[in-house]
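What follows is the residue order along each chain.
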Amino acid sequence: MLQIKKLKKYFGGVKAVDGATFNVKENSITALIGPNGSGKTTVFNLISGILKAETGRILMDKEEITNLRPYIVSNKGISRLFQQSRLFNNLTVKDNLLIAIDNEDTFFWRNFFRANRITAEKENKVRQMLELVNMEKFEKRIARELSYGQKRLIEIARTILNPHKLLMLDEPVAGVNPKLRTEIAKLLLKLKKQKETILLIEHDMNFTLKIADHVIVMDEGKVIAEGKPEHIKKNKKVLEAYLGE
Amino acid sequence: MGIFTQLTINGLIAGAIYALVAAGFSLIYSTCKFIHFAHGASIAFCGYFLYFLFSMLHLNFWLSVIFAIIFAGLLGYGMDLLVYKQLRKRKASPLILLIASLGLLIFLESLILVLFGADIKTIGFIRVTQGMEFLGARITQLQVVIILVSIILFVLLFLFMKRTKMGKAMRAVANNKEVAEIVGISSERIYRWSFIIGSAIAGIAAILVGLEQNLEATMGTNLMIRGFTGAIVGGIGNVPSAILGGFLIGFAENYGVWFLPSGYKEAIAFVILFIFLLFRPQGLFGIKKLVHK
Amino acid sequence: MIEAYIIHLLILICIFIILSISLQLSIGFAGLLSLAHIAFYCIGAYTSALLALAGVPFWICIVLAGISAMIFGFLLSIPTNKLKGDYLALATLAFHIVVYAVALNWTGLTRGPLGLPGIPRPSIFGFVFSGNLSFLILTFIIMLICYFIAKLIISSPFGKALGAIRDDELSTKVLGKNTFKMKTYALGISALIAGIAGSLYAHYITFIDPSSFHLMQMVPILAIVIIAGLASLRGTIIVSIILVLLPEPLRFIGFPSSMVGPMRQIIYALILILILLYKPKGLFGKIKLG
């Protein structure tokens, strides 16, 4: 579904991404791992269109999306979760989720003349999603008031609600307590059963190796290994990369 | 040829004043990292304080000048102590500090209007003369003094920043506050002195302008806009660039009169400011990282 | 006598409410801290005045005043799109200064410091709003219209999305929304409302000159929005009323009238600073600035 070809991104003299190439298969959970500074989040930012690549290509379902603007990349079917919490803190949980459902809210005149309404259908979608993450009671709360773990859950929910073909999650369980981690792991596996495609960055090796079908390892901006979790665990190059950090 | 020389000299004089304002402003911005609009108030208050001491109380001129400059420094310090420092304690963003500085500027400028009225005040120390002839243009002795004083100040400022302990500490804080604190520099102390010195320099600019032209309540804002433009054009956060920028604005304004009707002279600085803010906010010599995304 | 004074105050309050709502729309709801709104007010006032002096009927004047301000709002959005926080404030400030300089210097169009006198009072279907009471009613109705426009936008999904842009623009982009387009609309509509206020002002005082649009005039409006607190429409209205009325007693204490203006500014600036220090969310807002 997603193809990265020889992607390069330099920051001055630093080669953050130096010729990364990999593919993400449909209906799988692919994990992108590697020591700190190996370029994983930069690759995500390049895919999302937040950064411009020096050279290289990014293809989504065989369509070129390299260097497109972020909102266009999103509308091509990529839904992105960030590493830091980026909830709309002054909006309610419900509004945070409603925004994700479609882009009808970007059309000024349609909204001004009340043609665009929040239908019962949309409200149901939000409610179902909240049930999925066990947070129905928080619908009317202001996002700012939530705990870190709760915020993370809502953000993941929002990312899923956003119409997509590919979910890109940057450290979905970073800083989250173990019980919540297991819940999120279960959620992701459930999504996979529903034929979703997920690409995730994660530092928690246990978490990753438990749920990933395919693992891609990066170090110093390049892909150094790829394969099933069991093989990656034993891969010499991978161990060296991690020990070196 | 005569006109060109005259415009150049006028540009030099105006540029010297703007450069002084820009230098003080830039010193404060480089260490404190926010736009201190109320710098204009330091200017206005210094000029009016001199008027108060010399023209109203009839104190000795030179004594009044010294007191006025000290007053300007203290005013800057006071603004930091009472307003900015308190906001810093509450982790205020540069935006909030900017709004606060706007409030301070208007507050202080309105105070001047209330205390002194809106009419123009003359300091009345220098008699208006025709001036001397120089390379086909006219220049008065006071104007020569303005240029000389500003050059001396810039040299002193340069030496201060390069050679003295405090100057180096200021540059350290401007460069990287966290690292500077680790090596034991008190950033609060640096902020304090940046305000005192920066405001005092602005005060000197006010005195020079007050002697050359006159005092009026909005002189602070007017000079501040041009000095600020100079600082942006040169490259904010860097005192030497700001000084250069100040001179550039002085020249731009005066050469501009050649091409545009004289009424637009004031607009020149503003238009330059607008263009730079929109297309090159880091200025001619500044660093790109100062533009937030 | 007192009646005339009260009516005058009420008219000013209505105009201030319209202006503050326009600024609140920009700052509180879209997260765009604009210092350009007095420029939009100025553009609206001069457009309306020049059209009216050329014999154009009032209702066209006020509509075109709003539209011309809106166009400048759209235009300003383009170069300022990538700017945030204090840099955005500065760029909009520079825009204001340029507009002010043009008003002062393009004497061919605006007569510069001489101003435009003799602006006719509004006339609709032959009825001339020459009396202040009738003008107050007109202004009040227009204020209500502006309030409803703002309310409509804010409570719609578009308004919520603007709030999202204010809270985190990057996240909004990544959810597939063209934030540039939305911010442009926000600034444009906000400018439109400010332009309408300008038109009303011009037709009320029947004389405008650049001094009414000096940067100082930004302080009361900015103060109102910040004191009220971000994203509170109700609070904006309440604080507008309070701040217009608050300095009025100064007239009666015995200050010379030339001092009343600066004293008003002193009061506004002081309260603004105090709010920033001690109640940064404002009196009615729930969102912190910056």
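What counts, and at which threshold
- Residues numbered from 1 in each chain as written.
- Chains lettered and ligands numbered in written order.
- Predicted model: local features only at pLDDT ≥ 70, side-chain atom pairs only at ≥ 80, totals over all residues.
- Heavy atoms only, no water.
- Helix = DSSP H or I, 4+ residues; strand = E, 2+ residues; numbered from the N terminus.
- Buried < 20%, exposed > 50% of the residue type's maximum accessible area, 1.4 Å probe, protein only.
- Contact = heavy atoms within 4.5 Å.
- Salt bridge = Lys/Arg side-chain N within 4 Å of Asp/Glu carboxyl O.
- Polar contact = N/O pair within 3.5 Å; in protein donor to acceptor, adjacent residues only side chain to side chain.
- Nonpolar A, V, L, I, M, F, W, Y, C, P; charged D, E, K, R; others polar.
- Buried area = accessible area lost by both parts, 1.4 Å probe.
- 1 Å grid on protein atoms, 1.4 Å probe; cavity = no way out; pocket = protein on both sides within 12 Å on 5 of 7 lines; lining within 4 Å.
- Points joined across faces, edges and corners; volume = space filled by probe spheres on them.
- Pairing = 2+ DSSP bridges.
- Axes fitted to C-alpha atoms, helices over the stretch in contact; angles between N-to-C directions.

Visitor: How would you explain the environment of Ala100(B) if you had to name every residue and give the values?
Guide: Summarising the element assignment, Ala100(B) is placed in helix H4 (residues 94-116). Residue classification places Ala100(B) among the buried residues on the basis of a relative accessible area of 1%. Among all residues touching Ala100(B), those that are not within four sequence positions of it are Val83(B), Tyr84(B), Leu87(B), Ile273(C) and Leu276(C).

Visitor: Before we move on, could you go through the interface of chain B and chain C and cite the residues and values that matter?
Guide: The partner chain C presents 43 residues to the 42 residues of chain B that form the contact. Taken together, the connections running from chain B to chain C amount to 0 salt bridges. At the surface where chain B touches chain C, the tally comes to 1 residue pair in polar contact (both at pLDDT 80 or more). When contributions to the side of chain B that touches chain C are tallied by element, the ones reaching two or more residues are helix H3 (61-89), H4, helix H9 (219-234) and helix H11 (265-279) of chain B. A per-element tally of the side of chain B that touches chain C places H4(B) first, with 16 residues. Taken together, the residues that form the side of chain B that touches chain C break down as 32 nonpolar, 6 polar and 4 charged.

Visitor: Can you explain the interface of chain C and chain A? Please cite residues and give values.
Guide: Facing 30 residues of chain C, the contacting portion of chain A comprises 31 residues. Together chain C and chain A conceal approximately 2900 Å² of surface at their shared face, both sides included; 64% is due to carbon and sulfur atoms. At the boundary of chain C and chain A, one finds 3 salt bridges. For Arg86(A), the salt bridge is made with Asp168(C), and the minimal N-O distance between the two is 2.7 Å.

Visitor: Talk me through empty space enclosed by the protein; I want residue IDs and the actual numbers.
Guide: For the structure on display, the rule yields 9 cavities of 30 Å³ or more. The volume enclosed by the largest cavity comes to roughly 120 Å³. As for the largest cavity, its lining consists of 11 residues, and the residues nearest its centre are Leu98(A), Ile99(A), Asp105(A), Ile118(A) and Pro157(C). Broken down by element, the lining of the largest cavity gets its largest block of residues, 4 residues, from helix H3 (residues 93-101) of chain A. When grouped by side-chain class, the residues that make up the lining of the largest cavity number 5 nonpolar, 1 polar and 5 charged. By volume, the second largest cavity amounts to about 90 Å³.

Visitor: So, the pairing of strand E6 (residues 78-81) of chain A: which residues are in play, and what are the values?
Guide: A regular strand carries its side chains on alternate faces of the sheet. Residue and element names in this part refer to chain A. Neither face of E6 is open: one carries Ile78 and Arg80, the other Ser79 and Leu81, and all of them are buried. Of the strand pairs in this sheet, E6 and strand E7 (residues 166-170) are connected by 4 bridges, and their pairing is parallel. Bridging across to E7, Ile78 finds its partner in Leu166.

Visitor: Tell me about the side chain of Ser20(C), and please be specific about residues and values.
Guide: Examined against the element boundaries, Ser20(C) turns out to sit in helix H1 (residues 2-29). Among all residues touching Ser20(C), those that are not within four sequence positions of it are Ile221(C), Ile224(C), Val225(C), Thr236(C) and Ser240(C).

Visitor: Summarise helix H10 (residues 218-228) of chain C; cite the residues concerned and give the values.
Guide: Residues and elements named next belong to chain C. Counting buried positions over the 11 residues of H10 gives 11, a clear majority of the element. Among the residues of H10, those classed as buried are Met218, Val219, Pro220, Ile221, Leu222, Ala223, Ile224, Val225, Ile226, Ile227 and Ala228. Gly229, located one to two residues past H10, shows a positive phi value of around 105°.

Visitor: I'd like a description of the sheet that holds E6(A), backed by residues and values.
Guide: The pairing of strands in a sheet happens through backbone hydrogen bonds and is either parallel or antiparallel. Residues and elements named next belong to chain A. Here 6 strands make up an open sheet; going across it, the order is E6-E7-E8-E3-E9-E10 and the pairing mixed. The open sheet terminates on both sides in strands that have one partner only, identified here as E6 and strand E10 (222-227). Within this sheet the neighbouring strands show an average axis-to-axis angle of 20°, counted without direction. The sheet contact formed by strand E3 (residues 29-33) and strand E9 (residues 214-219) spans 4 bridges and is parallel. Paired with Leu32 across the bridge in E9 is Ile216. Against the sheet, helix H6 (residues 148-161) touches E6 and E7, its axis set at about 170° to E6.

Visitor: With reference to specific residues and values, describe the pattern of salt bridges.
Guide: Under the counting rule described, the total for this entry stands at 25 salt bridges over all chains. Between Arg110(A) and Glu104(A) there is a salt bridge, and its shortest N-O distance comes to 3.2 Å. For Arg110(A), a relative accessible area of 38% gives the class partly exposed. Residue class for Glu104(A) comes out partly exposed when judged on its relative accessible area of 27%. Note that Arg88(B) and Glu188(B) form a salt bridge whose closest N and O atoms lie 3.3 Å from each other. Residue Arg88(B) is located in helix H3, and its partner Glu188(B) is located in helix H8 (residues 187-212); the two are separated by 100 residues in the primary sequence. Each of the salt bridges in this network shares a partner with another, and the network as a whole consists of Lys94(A), Glu123(A), Arg127(A) and Glu139(A).

Visitor: Kindly report on the arrangement of the chains, identifying the contributing residues and their values.
Guide: When the 2 pairs of chains in contact are ranked by number of contacts, first place goes to chains B and C. Contact between chain A and chain B is absent, and the least distance between their C-alpha atoms amounts to 11 Å.

Visitor: Please set out the sheet that holds strand E1 (residues 2-11) of chain A residue by residue, giving values where relevant.
Guide: Residue and element names in this part refer to chain A. One open sheet accounts for 4 strands, arranged E2-E1-E4-E5; its pairing is antiparallel. Each edge of the sheet is formed by a strand with only one pairing partner; in this case those strands are strand E2 (14-24) and strand E5 (63-64). Across 8 bridges, the pairing between E1 and E2 is antiparallel. Along E2, the bridge assignment pairs Leu7 with Ala20. Across the sheet, helix H1 (residues 40-48) is in contact with E1, E2 and strand E4 (55-60); its angle to E1 comes to roughly 110°.

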